[in-house]
Amino acid sequence: MAVEGLTHEEAQKLVAALDCWAFTRDAEAIGRTFEFDDFSQAFAFMTQIALLAEKHDHHPEWSNVYNKVQIELTTHDAGGLSMRDMNMARAIGDLLT
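This text gives an overview of the structure that appears in the document. All values reported here derive from a predicted model rather than from experimental measurement.

**Observations regarding the side chain of histidine 58**
Link 1 in the chain: By the secondary structure assignment, histidine 58 is in the loop between α2 (39-56) and β3 (61-65).
Link 2 in the chain: According to the relative accessible area criterion, histidine 58 is buried, its value standing at 6%.
Link 3 in the chain: Contacts of histidine 58, omitting those with residues within four sequence positions, involve Ala53, Thr74, Thr75, Arg84, Asp85 and Met88.

Take a look at the structure:
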């Protein structure tokens with residue numbers, strides 16, 4: 001099932017409302033880096049995101065180096081950003097509050 005992509009203008013407004021997320025890949029994705037005290041905290045955060053990803057059926061592209069987790073979100077079916085990315089970014093941010 002195809003997912004409807006956002007226009008650049010829609011994406012700009014939505015990204016502006018997200019805390020610390022920014023465009024990556026020529027505005028075809030959004031990204032954020034999270035930093036924790038140590039590896040255990042970073043890995044625990046990734047575990048929480050993995051559960052969210054399954055629930056939302058939307059999986060991030062990510063990497064982890066020691067206490068840092070770098071995440072990019074894009075919707076391949078839409079050829080760029082969609083509401084799935086914005087909702088996932090918001091849900092990830094909510095884990096920190």
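Having seen the structure, we can now continue with the description.
**What to know about the packing of aromatic side chains**
Link 1 in the chain: Under the defined criterion, the tally for this structure stands at 4 aromatic pairs.
Link 2 in the chain: On the numbers, 6.1 Å between centres and 70° between planes, the contact of tryptophan 21 with phenylalanine 34 is edge-to-face. Of this pair, tryptophan 21 sits in the loop between α1 (8-16) and β1 (22-24) while phenylalanine 34 sits in strand β2 (residues 29-35); the two residues are 13 residues apart in sequence, bridging distant segments of the chain. Residue tryptophan 21 shares its accessibility class with phenylalanine 34, and that shared class is buried.

**A short note on the pattern of salt bridges**
Link 1 in the chain: For the structure on display, the rule yields 3 salt bridges.
Link 2 in the chain: For glutamate 72, the salt bridge is made with arginine 25, and the minimal N-O distance between the two is 2.7 Å. Placement of the pair is glutamate 72 in strand β4 (residues 68-73) and arginine 25 in the loop between β1 and β2, with a sequence separation of 47 residues.
Link 3 in the chain: Residue classification places arginine 25 among the partly exposed positions, given a relative accessible area of 37%.

**Notes on the pairing of β2**
Link 1 in the chain: For β2, the tally of buried residues reaches 5 of 7 residues, placing the bulk of the element in the interior.
Link 2 in the chain: Pairing geometry for β1 and β2, over 3 bridges, is antiparallel. Paired with alanine 22 across the two strands is glycine 31, which belongs to β2.
Link 3 in the chain: The hairpin formed by β1 and β2 contains 4 residues between the paired strands, and arginine 25 there has a positive phi angle of roughly 50°.
Link 4 in the chain: In this sheet, β4 lies alongside β2 in antiparallel orientation, the contact comprising 6 bridges. Residue pairing in the sheet places phenylalanine 34 in a bridge with valine 69 of β4.

**Some remarks on the packing of α2 against helix α3 (residues 83-94)**
Link 1 in the chain: Following both chains from N to C, one finds α2 and α3 inclined at 145°, their axes separated by 10 Å at the closest point. Seen from above, α2 lies across α3 with right-handed handedness. For the pair α2 and α3, contact is made by Phe45, Ile49, Leu52, Ala53 and His56 and by Met88, Ala91 and Ile92, respectively.
Link 2 in the chain: When grouped by side-chain class, the residues that make up the contact of α2 with α3 number 7 nonpolar, 1 polar and no charged.

Rules and cut-offs
Residues numbered from 1 in each chain as written. Predicted model: local features only at pLDDT ≥ 70, side-chain atom pairs only at ≥ 80, totals over all residues. Heavy atoms only, no water. Helix = DSSP H or I, 4+ residues; strand = E, 2+ residues; numbered from the N terminus. Buried < 20%, exposed > 50% of the residue type's maximum accessible area, 1.4 Å probe, protein only. Contact = heavy atoms within 4.5 Å. Phe/Tyr/Trp six-rings, centres within 6.5 Å; stacked < 30°, edge-to-face > 60°. Salt bridge = Lys/Arg side-chain N within 4 Å of Asp/Glu carboxyl O. Pairing = 2+ DSSP bridges. Axes fitted to C-alpha atoms, helices over the stretch in contact; angles between N-to-C directions. Left-handed = near helix turned anticlockwise from the far one by under 90°. Nonpolar A, V, L, I, M, F, W, Y, C, P; charged D, E, K, R; others polar.

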